[in-house]
Amino acid sequence: MKWQGRRGSANIEDRRGSTVRGVGRVTGLGAVAILLLGYFLGVDVTPLLDQGPAYETSGELTAQDRAMGDFVSVTLADTEEVWANIFTNDLGREYQPVTLVLYSRVTPSACGNASGATGPFYCPVDKKVYLDTDFFNTLSSQLGAGGDFAAAYVVAHEVAHYVQDKLGILDQVNAVRARSSEAQSNALSVRIELQADCFSGIWARQAAEQFGSIEKGDIAEAMNAAAKIGDDTLQRNAGRRPMPDSFTHGTSEQRQRWFATGFDKGDLRACDTFASRNL
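Keep in mind it's a predicted model, so treat the numbers as computed, not measured. (Residues numbered from 1 in each chain as written. Predicted model: local features only at pLDDT ≥ 70, side-chain atom pairs only at ≥ 80, totals over all residues. Heavy atoms only, no water.)

Observations regarding helix α8 (residues 218-228)
Among the residues making up α8, those that are buried are D218, A222, A225, A226 and A227. Tucked into the core, α8 has its buried residues touching α5 (148-166), α9 (231-237) and α10 (252-265). (Buried < 20%, exposed > 50% of the residue type's maximum accessible area, 1.4 Å probe, protein only. Helix = DSSP H or I, 4+ residues; strand = E, 2+ residues; numbered from the N terminus. Contact = heavy atoms within 4.5 Å.)

Here's the deal with the state of the cysteines
The final tally for this structure, using the stated rule, is two disulfides. The residue that forms a disulfide with C111 is C123, at a sulfur-sulfur distance of 2.0 Å. Measuring the twist about the S-S bond at about 85 degrees, one finds the C111-C123 disulfide to be right-handed. Residue C111 is found in the loop between β5 (106-107) and β6 (114-115), and its partner C123 is found in strand β7 (residues 121-123); the two are separated by 12 residues along the sequence. With relative accessibility at 40%, the residue C111 sits in the partly exposed group. (Disulfide = S-S within 2.5 Å.)

A few points about the sheet that holds strand β4 (residues 99-102)
Across the sheet, four strands lie side by side as β1-β4-β8-β7; this open sheet has mixed pairing. Looking along the sheet, the strands with just one partner apiece sit at the ends: β1 (12-14) and β7. On average, adjacent strands in this sheet sit at an angle of 25 degrees to one another, irrespective of strand direction. Sheet analysis places β7 next to strand β8 (residues 128-131), joined by three bridges and oriented antiparallel. By the bridge assignment, Y122 is partnered in β8 with V129. Against the sheet, helix α3 (residues 63-91) touches β1, β4 and β8, its axis set at about 170 degrees to β4. (Pairing = 2+ DSSP bridges. Axes fitted to C-alpha atoms, helices over the stretch in contact; angles between N-to-C directions.)

Quick look at the side chain of Q195
In this fold, Q195 is placed in helix α7 (residues 182-211). A polar side-chain atom of Q195 sits 2.9 Å from a polar atom in the side chain of Q164. Among the polar contacts listed, one links the side chain of Q195 to the backbone oxygen of C271, at a separation of 3.1 Å. Those residues in contact with Q195 that lie beyond four places of it in its chain are Q164, I169, C271, D272, T273 and F274. (Polar contact = N/O pair within 3.5 Å; in protein donor to acceptor, adjacent residues only side chain to side chain.)

A word on the nonpolar core
In this structure, W83, F136 and W203 are the most contacted members of the largest nonpolar core, which totals 60 residues. With 12 residues, the top contributor of residues to this core is α5. Among the nonpolar cores identified, the runner-up in size contains six residues, and Y103, A114, C123 and Y130 belong to it. (Core = buried A, V, L, I, M, F, W, Y, C linked by side-chain atoms within 4.5 Å.)

So this is what it looks like as structure tokens:
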């Protein structure tokens, strides 16, 4: 992915390097299993990792931290241009960019604490995306989904949730989920996530056409990332038997297919996961 030297976004709230509350942590495979569990459940499982006394730490940004911040900023800027064009040309509306919060270890959000245990997420209460760039290391070293475009896919996916919010989709679906059974609520969550994957595919197509930033192998990186964070794969990696009723993001195959649909079609109408009988 060609991103160096390109325009970055002004809509970054960088909280990295500030003093944070730290905790001792479970290490090794136990920690990996717990983190995977928290990621696919979409909940903060930080308390499960606590071990030993709390302490204060103020981290300085490394060269890699700064580079990752620049990368996220450029990727976010690309999403801003892509979605602004789509909103204007296809919807006749103005797109107001989302704010992305970069943080280290843990930070508060209107949806609860953001931490390494929650993974990247979009909070519809304060309308912000939260991302600890160390998740990219987890994505690469622990989940086997390395590459800059795999990381860009993660950013694009969370921005896609903001797009869903702007389109009124999240409010409508969450209203139904509030009066549904757990299994039904999970099934609706899967449709939300797969649509976000499809929107991410649209972004990737537009990024290739508008900026020429997509290089050979980039789409394969995104597809691999989509596969590695499928519910069935994450549950297996956490030592659990896949339980479809508990899925909240979709299987690896589904996530890949809907990303590919967005990339191939480049049309919002192709991403109507709620009308699809075959997810």
